[in-house]
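Chain residues, written in single-letter form:
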Amino acid sequence: MSNLTRWNPINEFEDLMNRYNRMFGLTRAGEREGKDLFSRSDWAPAVDIKETDQAFTVEAELPGMSKDDVKVTVHDGVLTIKGERKQEEETEDKKVHRIERFYGSFMRRFTLPDNVDENSVKASFKDGLLTLTINKAEPKEPKAIEVNVE
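Residues numbered from 1 in each chain as written. Predicted model: local features only at pLDDT ≥ 70, side-chain atom pairs only at ≥ 80, totals over all residues. Heavy atoms only, no water.

Here's the deal with the environment of aspartate 69
1) Next: Tracing the backbone through its elements, the reader meets aspartate 69 in the loop between β2 (55-61) and β3 (70-75).
2) Next: Considering only alpha carbons, one finds aspartate 69 and glycine 83, 14 residues apart in sequence, at a separation of 5.5 Å.
3) Next: If we ignore the near neighbours within four places in the chain, the residues touching aspartate 69 are Lys82, Gly83 and Glu84. (Helix = DSSP H or I, 4+ residues; strand = E, 2+ residues; numbered from the N terminus. Contact = heavy atoms within 4.5 Å.)

What follows is the structure in structure tokens.
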């Protein structure tokens, strides 16, 4: 006799919406990711951004990854976090019933405010949490330019 499985239309609808959002580069919250026209991310890690008087802190959840799987860059006022989470090799002695975790490449970009020191970025990685600290800089004084009238 075969096992009966209870049909849950809500689960199927959520799965459909998740696939739709991934197809258009949307996060779970529905906001558009900052991506290049030709870059593609298979998933996007959850990120928290916090601010103190001295610095900004960016925390990205990267479970199952090591620091070697992640690259952090700062260029022209944009902080980029990218990497790849590889799926484990399939073996014949293992039967997979469900895969809900995201695998593949990802890229998150954040425009930094003007009051940060791009050269002060410090990164640490512990227990699947990437923590970036970016110190604030003194605000730049506006430069006055004299205009000659002819």
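Regarding the pattern of salt bridges
1) Next: Within this structure, the stated rule accounts for 4 salt bridges.
2) Next: Between glutamate 51 and lysine 136 there is a salt bridge, with its nearest N and O atoms 2.5 Å apart. Of this pair, glutamate 51 sits in strand β1 (residues 47-51) while lysine 136 sits in the segment after β7 (129-135); the two residues are 85 residues apart in sequence, bridging distant segments of the chain.
3) Next: Among the residues examined, glutamate 51 registers a relative accessible area of 52% and is labelled exposed.
4) Next: Across the pair glutamate 100 and arginine 98 runs a salt bridge, and its minimum N-O distance is 2.9 Å. The same class applies to glutamate 100 as to arginine 98, namely exposed. (Salt bridge = Lys/Arg side-chain N within 4 Å of Asp/Glu carboxyl O. Buried < 20%, exposed > 50% of the residue type's maximum accessible area, 1.4 Å probe, protein only.)

Thoughts on the sheet that holds β2
1) Next: Across the sheet, 4 strands lie side by side as β1-β2-β7-β6; this open sheet has antiparallel pairing. Each edge of the open sheet carries a strand with a single partner, namely β1 and β6 (122-126). Sheet twist, expressed as the mean angle between neighbouring strand axes with direction ignored, is 15°.
2) Next: Summarising the sheet, β2 and β7 pair through 7 bridges and their orientation is antiparallel. Residue pairing across strands places valine 58 opposite leucine 132, the latter belonging to β7. (Pairing = 2+ DSSP bridges. Axes fitted to C-alpha atoms, helices over the stretch in contact; angles between N-to-C directions.)

Some points on the confidence of the model for the protein
Parts of the model with low pLDDT should not have their predicted coordinates read in detail.
1) Next: Confidence in the prediction for the protein averages 81 pLDDT; 83% of positions are at 70 or higher.
2) Next: Note that pLDDT drops below 50 for residues 29-39; the model gives that stretch 15 contacts with residues more than four away or on any other chain. (pLDDT = per-residue confidence, 0-100.)

Focus on the packing of aromatic side chains
1) Next: By the definition in use, this model includes 1 aromatic pair.
2) Next: For the cation-ring pair, arginine 85 lies above tyrosine 103, with the distance from its terminal atom to the ring centre recorded as 5.9 Å.
3) Next: In this structure, lysine 136 packs its charged tip against the face of phenylalanine 56, placed 5.1 Å from the ring centre. (Phe/Tyr/Trp six-rings, centres within 6.5 Å; stacked < 30°, edge-to-face > 60°. Lys NZ or Arg CZ within 6 Å of the ring centre and 35° of its normal.)

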